[in-house]
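Chains, contacts and geometry: an overview
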Amino acid sequence: MNKILKYILLSVIVLLPYKVNATCSNDFKQQIYSSANNISINYNLIDEEKLSDNDKLLDNRFKITISGLTEDIVIEDDSLHEQYSIKKDESNPIPEGASLKFYYFYNGNQCEPYLIKTKVVNIPYYNEFWDDEICENLNDFKYCKKTTSIKVDYDFLKKEVDKYKNKIGNNNGVEIIDSENNIFDYKILFIVVPIFIVVIAVIVVLIKKKKKRGKVL
């Protein structure tokens, strides 16, 4: 009887379905990494009329939208503890100024789950004065945009707008590019101009020598 029970138990164990996840190969991981790089994480400002009173109170004015997700990749937000997949690619309202860290995980059937990569997304602040008369005709000024990198109050904005207008006025209406956004390095001028002058001088000397030789011949 004991032998019969052993055979029955052994048969049940053998016939039970099971799955063993092997370690992912480097080639497979590279494919998954490429897929993860095609995933986009974007933030969008929520329309005022779509915000609840509680969201307005907490300044929850943005939402995250993730595109390009695949069935075998899930993304987790460590800050707000939300998980995104091919079935859920949008967040609940999130606060302005938040710094969100996203973890990309492989969660398919080819091999065991693992962390693919991480990504940090910084949410800007909503500028409630962007359409105020103080920002009229200043749409390109960084503190008159609808979202800003820092929280802007009216006193700060007024001071920065006055400084900005003075800069423009002192340069006869020619706009000065903000130093933090100016990608042109004027130090290059001190390198390029002398070299250019030397090259021109050498060319002139060579031409004169050539003319002299021509006269001698």
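The following refers to the structure shown. Bear in mind the structure is a predicted one, so any value in this text is a computation, not a measurement.

1. A closer look at the side chain of Asp77
Along the chain, the position of Asp77 falls in strand E3 (residues 73-77). Of the side chains with opposite charge, Lys88 comes closest to the buried, unpaired Asp77, at an N-O distance of 8.9 Å. In this structure the side chain of Asp77 is engaged in a polar contact, spanning 3.0 Å, whose partner is the backbone nitrogen of Leu80. If sequence neighbours within four positions are ignored, Asp77 has contacts with Glu82, Tyr84, Leu100, Lys101 and Phe102.

2. Comments concerning the sheet that holds E3
Pairing in this open sheet of four strands is antiparallel, and the strands run E4-E3-E6-E7 from one edge to the other. Bordering the open sheet on either side are strand E4 (82-84) and strand E7 (114-122), each of which pairs with just one other strand. Between one strand axis and the next, the sheet turns by 25 degrees as a mean value, whatever way the strands run. Across five bridges, the pairing between E3 and strand E6 (residues 99-106) is antiparallel. Paired with Ile75 across the strands is Tyr104, a residue of E6.

3. So, the nonpolar core
If you look at the biggest cluster of nonpolar residues, it comprises 24 residues, and the most contacted ones within it are Ile64 and Phe102. With four residues, E6 is the single largest residue contributor to this core. Those residues within four positions of Ile64 in sequence are excluded, and the remaining contacts are Ile41, Asn42, Tyr43, Tyr84, Asp89, Glu90, Ser91, Ile94, Leu100, Phe102 and Ile123. Membership of the second largest hydrophobic core comes to 11 residues, among which are Phe141, Cys144, Leu157 and Tyr164.

4. Points about the state of the cysteines
Note: disulfide means a covalent bond formed between the sulfur atoms of two cysteine side chains. Inspection of the entire model under this criterion finds two disulfides. Shown here is the disulfide that connects Cys24 with Cys111, its sulfur atoms set 1.6 Å apart. Looking along the S-S bond of the Cys24-Cys111 disulfide, the torsion reads about 85 degrees, which is the right-handed sense. Here Cys111 lies in the loop between E6 and E7 and Cys24 lies in the loop between helix H1 (2-15) and helix H2 (26-37), a separation of 87 residues in the sequence. Take Cys24 and Cys111: they sit in the same class, and that class is buried. Note on cysteine connectivity: Cys135 is disulfide-linked to Cys144, with sulfurs 2.1 Å apart. Between Cys135 and Cys144, the disulfide has an S-S torsion of -80 degrees and is therefore left-handed.

5. Observations concerning the packing of aromatic side chains
Taken as a whole and judged by the stated rule, the model has nine aromatic pairs. Plain terms: the ring middles of Phe129 and Tyr154 are 5.4 Å apart, the flat faces sit at 70 degrees to each other, and that makes the pair edge-to-face. Of this pair, Phe129 sits in the loop between strand E8 (125-126) and strand E9 (147-148) while Tyr154 sits in helix H4 (residues 154-170), and the two are 25 residues apart along the sequence. In this structure Phe129 comes out as buried when scored by relative accessible area, which is 15%. The exposure class assigned to Tyr154 is partly exposed, which follows from its relative accessible area of 33%. An aromatic cluster of at least three residues, connected via ring pairs, comprises Phe141, Tyr143, Phe156 and Tyr164. Sitting over the face of the ring of Tyr114, Lys29 holds its NZ or CZ atom 4.9 Å from the ring centroid. Over the aromatic face of Tyr33 sits the side chain of Lys117, whose NZ or CZ is 5.9 Å from the ring centroid.

6. Quick word on H2
Over its 12 residues, H2 runs 16 Å from end to end, which matches the ideal 16 Å to within 8%, given 1.5 Å per residue. Taken as a whole, H2 has its buried residues at Phe28, Ile32 and Ala36. The buried residues of H2 occupy an angular sector of 80 degrees when projected down its axis, which confines them to one face. Within H2, the exposed residues directed more than 90 degrees away from the buried face are Asn26, Asp27 and Gln31. Of the surrounding secondary structure, the elements contacted by the buried residues of H2 are E3, E6 and E7.

Reading the values: rules and limits
- Residues numbered from 1 in each chain as written.
- Predicted model: local features only at pLDDT ≥ 70, side-chain atom pairs only at ≥ 80, totals over all residues.
- Heavy atoms only, no water.
- Helix = DSSP H or I, 4+ residues; strand = E, 2+ residues; numbered from the N terminus.
- Buried < 20%, exposed > 50% of the residue type's maximum accessible area, 1.4 Å probe, protein only.
- Lys, Arg positive; Asp, Glu negative; His and termini not counted.
- Salt bridge = Lys/Arg side-chain N within 4 Å of Asp/Glu carboxyl O.
- Polar contact = N/O pair within 3.5 Å; in protein donor to acceptor, adjacent residues only side chain to side chain.
- Contact = heavy atoms within 4.5 Å.
- Pairing = 2+ DSSP bridges.
- Axes fitted to C-alpha atoms, helices over the stretch in contact; angles between N-to-C directions.
- Core = buried A, V, L, I, M, F, W, Y, C linked by side-chain atoms within 4.5 Å.
- Disulfide = S-S within 2.5 Å.
- Phe/Tyr/Trp six-rings, centres within 6.5 Å; stacked < 30°, edge-to-face > 60°.
- Lys NZ or Arg CZ within 6 Å of the ring centre and 35° of its normal.
- Expected span 1.5 Å × (residues − 1).
- Arc of directions from axis to C-beta.

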